[in-house]
Each structure stands twice: as C-alpha cells, then as structure tokens.
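What follows is the residue order along each chain.
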Amino acid sequence: MKNNPRELAVIALTKVFQNKAYSNIEISNLLKNSDLSDADSRLMTNIIYGVIQNKYVLEYELKPYLQDKKVELWLDLLLMSAVYQLHFLDKIPDHAVLNESTEIAKQKAGRGAGNLVNAVLRNYQRHGYKELPKSNSVYDLSLRNSVPRWLVDLFIDQQGLDKTKEILSSINQPSHVSIRVNTNKTTVKDLQEALDKQGFDVHPSKISSVGLICKSGNLVNTQEFRDGLYTIQDESSMLVAPALDVQPDSKVLDACSAPGGKTTHIASYLKDGEVFALDIHKHKTKLVRENGERMGYGDLISTGAVDARKAKDVLNTKFDRILVDAPCSGLGLIRRKPELRFFRKEEDLKNLQRVQLEILDSMVDLLEVNGKLVFSTCTFDDEENELVVKKFLDKHLNFDLIPVKHDPALDGSMTHGMLKIFPSDYFTDGFFIAAFVRKN
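Predicted, not measured: the structure shown is a model, and the values here were computed from it.

**Considering the nonpolar core**
Here is step 1: Counting residues in hydrophobic clusters, the biggest one holds 47 residues, and the most contacted among them are I266, V374, L419 and I433.
Here is step 2: Of all the elements in the fold, those that place two or more residues in this core are α9 (149–159), α10 (161–171), α13 (240–243), α14 (261–267), β6 (274–279), α15 (282–295), β12 (418–421) and β13 (431–438).
Here is step 3: The element best represented in this core is α9, accounting for 5 residues.
Here is step 4: Within the second largest apolar cluster, 43 residues are counted, among which are L75, L78, V83 and Y124.

**Considering the environment of K282**
Here is step 1: Position of K282 among the secondary structure elements: in helix α15.
Here is step 2: When the C-alpha atoms of K282 and A305 are compared, they prove to be 4.9 Å apart, with 23 residues separating the residues in sequence.

**Overview of the pattern of salt bridges**
Here is step 1: Overall, the coordinates contain 21 salt bridges when judged by the stated rule.
Here is step 2: A salt bridge links E100 to R6; its shortest N-O distance comes to 3.3 Å. Taken as a pair, E100 in helix α6 (residues 94–109) and R6 in helix α1 (residues 5–19) lie far apart in primary sequence, 94 residues in all.
Here is step 3: Note on E100: relative accessible area 28%, which makes it partly exposed.
Here is step 4: R6 gets classed as buried once you look at its relative accessible area, which sits at 7%.
Here is step 5: Among the ionic pairs, E26 bridges to K15, the shortest N-O distance being 3.9 Å. Of the two residues, E26 is situated in helix α2 (residues 23–32) and K15 in helix α1; the sequence distance between them amounts to 11 residues.
Here is step 6: The class for E26 is buried, based on a relative accessible area of 11%.

**Observations concerning the sheet that holds strand β4 (residues 230–232)**
Here is step 1: Pairing within the open sheet is antiparallel, and its 4 strands lie in the order β2-β3-β1-β4. With partners counted over all chains shown, the strands left at the sheet margins are β2 (202–204) and β4, one partner each. Sheet twist, expressed as the average angle between the axes of neighbouring strands with direction ignored, equals 30°.
Here is step 2: Sheet analysis places strand β1 (residues 177–181) next to strand β3 (residues 211–214), joined by 4 bridges and oriented antiparallel. Directly across from S178, in β3, lies its bridge partner I213.
Here is step 3: The sheet contacts of helix α11 (residues 188–197) involve β1, β2, β3 and β4, and relative to β2 the element is tilted by about 165°.
Here is step 4: Along the sheet face, α15 touches β1 and β4 and points at about 150° away from the line of β4.

Scoring rules and cut-offs
Residues numbered from 1 in each chain as written. Predicted model: local features only at pLDDT ≥ 70, side-chain atom pairs only at ≥ 80, totals over all residues. Heavy atoms only, no water. Core = buried A, V, L, I, M, F, W, Y, C linked by side-chain atoms within 4.5 Å. Buried < 20%, exposed > 50% of the residue type's maximum accessible area, 1.4 Å probe, protein only. Helix = DSSP H or I, 4+ residues; strand = E, 2+ residues; numbered from the N terminus. Salt bridge = Lys/Arg side-chain N within 4 Å of Asp/Glu carboxyl O. Pairing = 2+ DSSP bridges. Axes fitted to C-alpha atoms, helices over the stretch in contact; angles between N-to-C directions. Contact = heavy atoms within 4.5 Å.

Next up, the structure:
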C-alpha cells in the first residue's frame, strides 16, 4: 500500500506523535518517495493536518467505543484518521473510509485488528457525531480547539478570554503560503502578474509592502524562485529587517540566521555594507549561503557556525546593527506546525527565556555605541517576549528601548513601542519585535 494516501497519513502521524517529527517534513518526504496523484496527495495532507488539529475532538468521539481499551499508537491514529474523514470530509463515501481503514489494520496486524477497526467505526457511524460541550471553561476550550489545557490557561492569563477565543478559533484554519519579493530584481506588481499567469492566485500582503499571499501551490518549483525573484517567508517575519533600520553601508550581525530569509532581507538594503550570519549548526549556515547566492546577495553575506551565546568570545569586531531572532517556543507557528501545541511543555518557556537572555547578553559588547539591536521571536507568549525585554533592560542600563520602526497600518499592534502580532490579527504567524539602542 505504498501509494495508499490513508496508510501514508497514518505512517506520518505515527512519526509525529512517536518521534516528535514535524508534520511538514514528513509530508514532504512522503510526497518525494511515493507516486500519489494530486488528489491523493491532497487527501493525505488533509488527513495528517486534520488529525493533529482535531486530536482531542477525535479522541472524545472515539472514547465511547474504545472505552478503556488500550490500543497501539498507530491503531489509535488510524481510527482518528477514519473519524476525521467521516465527520469533516463530506466528499468521501463512508464505505471507502470503513473498508480501507479495516484493510490497513488487517494488513498491518492481522484479522483481529481489522475486526476491531470495523466494529469501532460501524459503532461510531451508527450513533453519529457527539456534540461538543460549548462552555468557555478551560476544559471545554481545550477540547473544542484541541489545545492542551496549560496553554489555554496561559493564553487566558496573558491575553484574556476574548482574545484567547479569537486565537484558538484561528489556529486550526488552513494556512496560506506567503512570499517576500526581491525588489532589487523585480517589482511586486510584475511578480504578481507573472505568477498569476502560471495559475497561482496571489494577492498583496496587508502588512508588508514586499509580501504576496498565495492560497496554495508549489511556489518553490518556479523559474522565478530559482532566479531569486522571491523567497518563501511568513508575512510577520518580513517586518523584522525593516525594524533594524539598515543603512546602505551598515555592518550587520544576524545572530540566529538560518535558513536565511531575514538575512537576505537585510542584505537587500545594503550597497557597500555587509551582513555576518551565525547559526549554531554548520549545515544550516550552508542553507543561508545558498539562499544568499540564489537571491543575488552572496557577496554581501558571510556565515559562521557559532553558538550565539558565545559570540562575544569568538568575534573580534563590532556591528552597528544586530538582529537576535531568538530560539523560542514557536507558539506563533501553530497554524503551520500544529503539532507544536503537543510538543511544548510549560517549563520550556522559562528555559527558552534563559537562552534568549544569554544570547542578548552576548551581543551587548558587539554593538557600536548608538547602534541598534532588534530582538524578535515567533511566539506571543509574554514570558519569552516582554519579560525578556524587561530583564535585559534591568541588567543593561546603557540600552534604551526604542519604538519599532513599522508601517502606520500596524499601529494597533504596538504596545510600549514593541510590536506584537497574534495569529488571529492578520492570519499570519504570531510574532514579537522589540528594538533597543546602545547609549554608551
């Protein structure tokens, strides 16, 4: 059943929940190594994301028919994928779901497994979908949105109930693809027209003047991409490089650079300046260099495999701009990486805050006086954002917080000079940006 989209979906889901693999990487690997039709590729992808995004709901629906019976992970996921198809995908005949799911179980574990799957699914089919509780309790919000209770608690504590409901209702909606136009090679309008002619339905970003949005399609497989006319990048992360206020002759350090989207954006502002891009992993610095070459900025970018926390001990030069796009929980990415909600633990937030502060501390003496330091994360958690800013300023009195340079359209996302975007605000990744200046 190498090319059975339902079986492949269960294989990918098992790797996600057993090995903490990322769904997008598993999907990409499966598509490369199978001969699925376009329709079957879409079905497999839909099942994988659908089961992850609705995991608690599917477990709730299956519980009356499994009761307390312990089943292996793959079998549990097979049942969840079947219920997902039966309830959420209205174009698939029920008999196809039941027959194929039963056959997959039988092929993998024998007749007994097949009989169990068949019995559970027929029972579910007979009784129908059980309505979910509708209250605003933490338990019910957690269940309806398939988000761990500790995260719901955290969101309510930090953002209030109304904003939490808004965030939760947005993160399980399908994501779109966004690209940043390389305006040194083309214009946004010309690229939009070129992609439209190829059947991509693209439209301008609401929050970035160099961004285009596409609902679906393989935007890596175009001549324009190969020629460096654009790169794949979320809209909210397109706001980081402008916040640095890079000048043509700036000497910039990108302390946590891979895969290089922000690095190439920084380079697009340079003429005779330079950007030095660090990453802790050597193989990832290769990605940054490849992206730089493709986009036409190879001569402006140099790289180093350096742990940003040790940068002050390794580098013997100063910079007038520094970007710390820090390691974080990635809670702002849940729409595109839905499994992150299950991978993260509460204690991760404090551990990540410690790493972020260590990196910022390492940058202090590398920044020129009057130079600018930008700190960004792809999360909207206060502990990794505002609290990091406060602790950094408390420790380093020669730094001031300055308002993040931004488009006036984003004024509503500014608080105390810091920019914070929630996944529900503009249907982008959740993101945070703060900017500092060194006084002396």
